[in-house]
Amino acid sequence: MDVSHIRPHIHRRPMSIRKRKTVGIDLGTTNTVVARNFETLPMEGGGCVMPSAVAFLPSGAKLIGKAARRRRAMDPRNTILSAKRVIGARWRSSYTSQFREHYPYDLLEGPDGWAVFKTRAGIVCPVEVGSTIIAGLCERTNCPVQDVHAVVTAPVGFDNRRREATALAVSNAKFASVRVIEEPIATALAYLHRSSLKYAFVYDLGGGTFDAAVVDCSSYPFRVIGHGGDPYLGGDDVDRTIALHIANRTLARDGWDLGTDAVTFDRLVLACELAKCELSESEQAAIAIPSVDPAAPESCGIISITREQLQQLTLDLVRRTFVTCDEVLAQAGLKARDMEAIFLAGGSTRLPGLNAYIESYFGKRPRTDLNPMQVVGLGASLAAARPAVAELLDPCA
Ligand code: ADP
Ligand code: MG
């Protein structure tokens, strides 16, 4: 992959810096967000968070975002989700082999050794999927790209190759220049703006991954001094766990199996995701089985799930995140009580009861005042608007 042209432009004239237009982009495994000057950009039609999904239709058309995501079970090989998991990944790498175990795609070795998707639209590489998502989101948010300088976030674990591929996805969307910032640093920046404390812990539980990091915020640039995670632990697991629970209940109560047909089961998973999000606000949520499976007998009706049940179902998942937190703190040579602030990122940190566990683990209430699904993009927008900081974030450094 020739990435020489995406090397960031270094601006030496302060006047041009002051005038430059900038954005921050969080190209997430599950969702993508674009922000400018500490404000996420809304899409026409509402919402700031767009699913990182691209679908290639039989007609030759492409769908992105929510409409694409809805097709994932109907047309799995041509509905690409979670492409970030293999962006910049070699065919012969653990990223690719793990990905192939979890996803139904037709993945191939590209001519130059990268993992690529085989779709009805031909060979599509993960970088192209990223560019399509970013270009589509920019269009929906009326975000100009020409002469705009972007900062994109990448997980701490990404090596140079994977960072460059992420930057290339942005650069292909025609931004003037691209720099990369590590995700927990973006989160810490969003919360602190300027340094005001020594150690912060970033607990990021997204749709597919859990990432934890200790960030030294005592001076610029903020530095990650310990990090770790579980690449296959997140909200998707919660949705599937609830769906299996509901399917078991329907089978036991009504003798109807929602698990035999992949498309039906996926509709159930999507309904369970909505119910899960509702449980952040209410004690109870309902899943209407006939709308999930029109063929289901009338007796199936509605199945309710309570907040308490969701907490029970996610106990093991939550416990696993703290095993990672132990490891990350040990790596940094610090204790939970040394953390002066705990910053939450990732939509799944809204799971009921999770805040209380985090508080008892760290002996401190986590910060939740910024939207956890937007905080990474917000931090990236700050980094983008401050060339003095952004210059320290060269992906090729
Ligand atoms: P990523 O970093 O993987 O792109 P996000 O930070 O956008 O992911 O988080 C997406 C995940 O957050 C999804 O699994 C979604 O279901 C979950 N989520 C969003 N809102 C809530 C909520 N209120 N309660 C629990 N999970 C939520
Ligand atoms: Mg994320």
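An account of the accompanying structure is given in this report.

This part covers unusual backbone geometry. Geometrically, the link from Y220 to P221 is a cis peptide bond, its omega value of -10 degrees lying close to zero. Tracing the sequence through the fold places P221 in the loop between strand 14 (210-216) and strand 15 (223-230). The backbone of S82 sits at a positive phi, close to 60 degrees, despite the residue not being glycine. Its location among the elements puts S82 in the loop between strand 7 (79-81) and helix 3 (94-102). We note that K174 has phi near 80 degrees; this positive angle belongs to a residue other than glycine. Assignment of secondary structure puts K174 in the loop between helix 5 (160-171) and strand 12 (177-182).

The subject of this paragraph is the nonpolar core. The nonpolar side chains of a soluble globular protein tend to be buried, and buried together. Core analysis: the largest hydrophobic core is formed by 51 residues, its most contacted members being I25, F117, I134 and F175. Of all the secondary structure elements, the ones that give two or more residues to this core are strand 1 (21-27), strand 5 (53-56), strand 7, strand 9 (115-119), helix 4 (126-140), strand 11 (148-154), helix 5 and strand 12. Here this core gets six residues from one element, more than from any other, and that element is helix 4. Leaving out residues up to four positions away in the same chain, F175 has contacts with V23, I25, I134, C138, P144, V145, V148, A150 and V170.

Our next topic: the sheet that holds strand 13 (residues 199-205). Spatially, 15-14-13-18 is the arrangement adopted by the four strands of the open sheet, whose pairing is mixed. This sheet does not close on itself; its edge strands, each paired only once, are strand 15 and strand 18 (341-345). Averaged over all pairs of adjacent strands, the angle between strand axes in this sheet comes to 15 degrees, irrespective of strand direction. Where strand 13 lies against strand 18, five bridges are found, and the strand directions are parallel. Each bridged residue has a counterpart across the sheet, and for V202 the counterpart in strand 18 is F343.

Below, the discussion takes up the sheet that holds strand 10 (residues 122-124). With respect to topology, three strands assemble into an open sheet ordered 8-9-10, the strand pairing being antiparallel. On the outer flanks of this sheet lie strand 8 (107-109) and strand 10, each paired with one strand and no other. Looking at each pair of strands side by side, their axes are set apart by 45 degrees on average, direction ignored.

The rules we used
Residues numbered from 1 in each chain as written. Chains lettered and ligands numbered in written order. Predicted model: local features only at pLDDT ≥ 70, side-chain atom pairs only at ≥ 80, totals over all residues. Heavy atoms only, no water. Helix = DSSP H or I, 4+ residues; strand = E, 2+ residues; numbered from the N terminus. Core = buried A, V, L, I, M, F, W, Y, C linked by side-chain atoms within 4.5 Å. Buried < 20%, exposed > 50% of the residue type's maximum accessible area, 1.4 Å probe, protein only. Contact = heavy atoms within 4.5 Å. Pairing = 2+ DSSP bridges. Axes fitted to C-alpha atoms, helices over the stretch in contact; angles between N-to-C directions.

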